[in-house]
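Secondary and tertiary structure notes
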Amino acid sequence: MAKKANPKAKTQKKRKVTVESNGEAHIAASFNNIIISLTNKKGDVVAWSSAGKMGFKGSKKNTPYAAQLAAEDASKTAHEAGLRKVKVYVKGPGNGRESAIRSIHNNGIEVTEIIDITPLPHNGCRPPKRRRV
């Protein structure tokens, strides 16, 4: 009898992204989480991480320490793939913006430029009413 393949055995997906030495780092820092994506020049994601992926839950996801760990995780993977220099695009008002940039730089990826692309309304939608605590 032929052996059946184990359906529960995990296979690791082969990376198909072409990695040059230059790329981009996109940091989305909301009030609830922080997501770091390291991409090549075309915008294909080489490595990503988030505070939730690192095991933080609730309000701990929006801390500089969680952002630091997430950035370390993503930058280690990207450094092994061959990424060496990044332009950093930061979006959002969250807490871990600076610590994420610092930990990307400390893990061997040179930060050449930091650009803030936080969307600002030109008097668009009416904001929600003020919180009364």
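Residues numbered from 1 in each chain as written. Predicted model: local features only at pLDDT ≥ 70, side-chain atom pairs only at ≥ 80, totals over all residues. Heavy atoms only, no water.

1. Describing the nonpolar core
The criterion, for reference: We call a set of buried Ala, Val, Leu, Ile, Met, Phe, Trp, Tyr and Cys residues a nonpolar core when their side-chain atoms join them within 4.5 Å. Here the term buried applies to any residue with accessible area under 20% of the maximum for its type, exposed to any over 50%, and partly exposed to those in between, with areas from a 1.4 Å probe on protein chains only. Under the scheme used here, helices are H or I runs from DSSP no shorter than 4 residues and strands are E runs no shorter than 2 residues, and both carry numbers assigned from the N terminus.
Judged by nonpolar contacts, the single largest core of 25 residues is most densely connected at Ile27, Ile34, Ile36, Leu38, Val86, Val88 and Ile104. At the level of elements, strand 1 (22–29), strand 2 (34–39), strand 3 (45–50), helix 1 (64–81), strand 4 (85–91) and helix 2 (97–106) are the ones that each hand at least two residues to this core. Broken down by element, the residue count for this core peaks at 6 residues, all from helix 1.

2. A look at the pairing of strand 2
We count it as follows: Two strands qualify as a pair provided that DSSP identifies no fewer than 2 bridges between them.
Taken across its 6 residues, strand 2 has 5 buried, putting it largely inside the fold. As paired elements, strand 1 and strand 2 share 6 bridges and run antiparallel to each other. Bridge pairing in strand 2 places His26 opposite Ser37. Two successive antiparallel strands, strand 1 and strand 2, enclose a turn made up of 4 residues. Bridge analysis of strand 2 against strand 3 gives 5 bridges, and the strand direction is antiparallel. Within strand 3, the position partnered with Thr39 by the bridge is Val45.

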